[in-house]
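Summary of structural features
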Amino acid sequence: MEKLQLVSSNKSFGGYQKVYSHESSELKCKMNFSIYLPPQAEGDVKLPVIFYLSGLTCTEQNFITKSGFQRYAAEHGIIVVGPDTSPRGVKVPGDDESWDFGVSAGFYVDATKDPWSTNYRMGSYVNSELYELIQTAFSNVVDPDKIGIMGHSMGGHGALVSTLRNPGLYKSVSAFAPICNPIQGPWGQKALSGYLGEDKSKWADWDATELVKKYNGPPLTLLLDQGAGDKFYIEKQLLPENLVEACRSVGVPVILNLREDYDHSYYHISTFIGEHFDFHAKILKS
Ligand SMILES: N[C@@H](CCC(=O)N[C@@H](CSC=O)C(=O)NCC(=O)O)C(=O)O
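Residues numbered from 1 in each chain as written. Predicted model: local features only at pLDDT ≥ 70, side-chain atom pairs only at ≥ 80, totals over all residues. Heavy atoms only, no water.

Cut-off, in case you're wondering: UniProt positions are given in the numbering used here, feature names are shortened, and annotations may be inferred rather than shown by experiment.
The protein appears in an unreviewed UniProt entry as S-formylglutathione hydrolase from Loxostege sticticalis. If you open the UniProt record of the protein and go to Subcellular location (unreviewed entry), you find "Cytoplasm".

1. Considerations on the site of the ligand
Rule in force here: Note on terminology: near, applied to a residue and a molecule or strand, indicates that one of the residue's heavy atoms is within 4 Å of it. Here a polar contact is taken to be a pair of N or O atoms separated by no more than 3.5 Å, where protein atoms must pair a possible hydrogen donor with a possible acceptor and residues adjacent in sequence count only if both atoms sit in side chains. Accessible surface is estimated by sampling points in the Shrake-Rupley manner with a 1.4 Å probe; for residues, cover comes only from the protein chains shown. To qualify as a helix, a DSSP run of H or I must reach at least 4 residues; to qualify as a strand, a run of E must reach at least 2; elements of each kind are numbered from the N terminus. Polar here means any residue other than Ala, Val, Leu, Ile, Met, Phe, Trp, Tyr, Cys and Pro, which are nonpolar, and Asp, Glu, Lys and Arg, which are charged; Gly is therefore polar.
Surveying the vicinity of the ligand reveals 15 residues, the closest of which are L56, N62, K66, S153 and M154. Contacts to the ligand include K66, whose side-chain N or O atom sits 2.7 Å from an oxygen atom. Here M154 contributes a backbone N or O atom positioned 3.0 Å from an oxygen atom of the ligand. Burial of the ligand by the protein amounts to 75% of the accessible area it has alone, namely 550 Å². Those elements that place two or more of their residues in the shell around the ligand are α1 (61–66) and α8 (231–234). Each residue belonging to the shell around the ligand can be placed in one class, and the counts come to 7 nonpolar, 6 polar and 2 charged.

2. Some remarks on the packing of aromatic side chains
Centre-to-centre distance and the angle between the planes together describe a pair of aromatic rings. Worth spelling out the cut-off: Put simply, two rings from Phe, Tyr or Trp (the six-membered ring, in Trp's case) pair if the centres are within 6.5 Å, and we call them stacked under 30 degrees between planes, edge-to-face over 60, tilted for the rest. Summary of the burial criterion: residues with accessible area below 20% of their type's maximum are buried, those above 50% are exposed, and those between are partly exposed, where the area comes from a 1.4 Å probe applied to protein chains only. Sitting over a ring, as applied to charges here, requires NZ of Lys or CZ of Arg to be within 6 Å of the ring centre and within 35 degrees of the ring normal.
Scanning the entire structure with this criterion turns up 18 aromatic pairs. Centre to centre, the rings of F101 and W116 are 4.8 Å apart; their planes meet at 75°, and the pair counts as edge-to-face. On the criterion of sequence distance, the pair formed by F101 in the loop between β5 (79–83) and α3 (122–137) and W116 in the loop between β5 and α3 is long-range, its members being 15 residues apart. The burial state of F101 is the same as that of W116; both residues are buried. With a centroid separation of 4.4 Å and an interplanar angle of 25°, the aromatic rings of F101 and Y195 are classed as stacked. On the criterion of sequence distance, the pair formed by F101 in the loop between β5 and α3 and Y195 in helix α5 (residues 186–196) is long-range, its members being 94 residues apart. We note that F101, like Y195, is buried. Above the face of the W206 ring, R165 is positioned so that its terminal group lies 3.5 Å from the ring centre. Above the plane of the ring of F272 lies R259, whose end atom (NZ or CZ) is 3.6 Å from the centre.

3. Side note on the pairing of strand β7 (residues 172–176)
The condition that has to hold: Strand pairing requires that DSSP identify at least two bridges connecting the strands.
The element β7 is largely enclosed, with a buried count of 5 among its 5 residues. Taking every second residue as pointing to the same face, both faces of β7 are buried, with S172, S174 and F176 on one and V173 and A175 on the other. Where strand β6 (residues 142–152) meets β7, 5 bridges bridge the pair, whose relative direction is parallel. Within the sheet, the bridge partner assigned to G151 lies in β7 and is A175. Summarising the sheet, β7 and strand β8 (residues 222–227) pair through 4 bridges and their orientation is parallel. Bridged to F176 within β8 is D225.

Take a look at the structure:
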């Protein structure tokens, strides 16, 4: 644990909701992440882990304070890890000019375009650095063969592309209101052109709808949860139907739950987060 500094620890549903900070080599800055250790972490059995990736404007705090997930993580005995959404405390020109690019909007990609490429490497941060750090620092409680991922909006995109780009790394995946086809929507186009440049052939490597057409890994079922009253869904930022169609074209099982009247907020997430934990637990504990 010598690389980690404890920021906070709160007892919740018999376990502990903690936040740690550490120096990230990928992002070249100090980063916070959350980890929920359920009551079962006190025992001898190693536990599954779910990574949760948050959306635009979030830190590691939104999910842990608003979703109520701890009740379900405690019931199932699942550790839950939540990274921040971008590098912090590094000054890149233009990084705070808009809420959907730069700070709090790392999009879980590895930027290749200057000046972003030095720090904006959230893809490798989540799927390599933090993934390994959790297994090392919490080796006494983590089962390395039972790791899943979920996320919301930009983080739902992150969960999907992390799974599809790294076959087998995550055994289960689900997403709330994910940006499913970023190359076709305004948020995605802004982020992918800004971080990767104008060559659109490179964007497809970070687009779940494109990636699933080439997926060649262990069997996978995608669980998508979408509020039908979500303004970003109505404005066609999210495009879950495009991902469903791509999945069906290549025979990848997908479940899309369209929830009447639910919006893009944590009210949607907190309502259905228990169902997502049931879905992940069934896969991770089989
Ligand atoms: N500022 C925006 C709304 C921002 C917003 O809705 N952010 C979502 C994620 S959106 C996609 O990634 C979020 O999770 N917010 C944090 C929260 O706690 O709700 C606007 O004005 O429309």
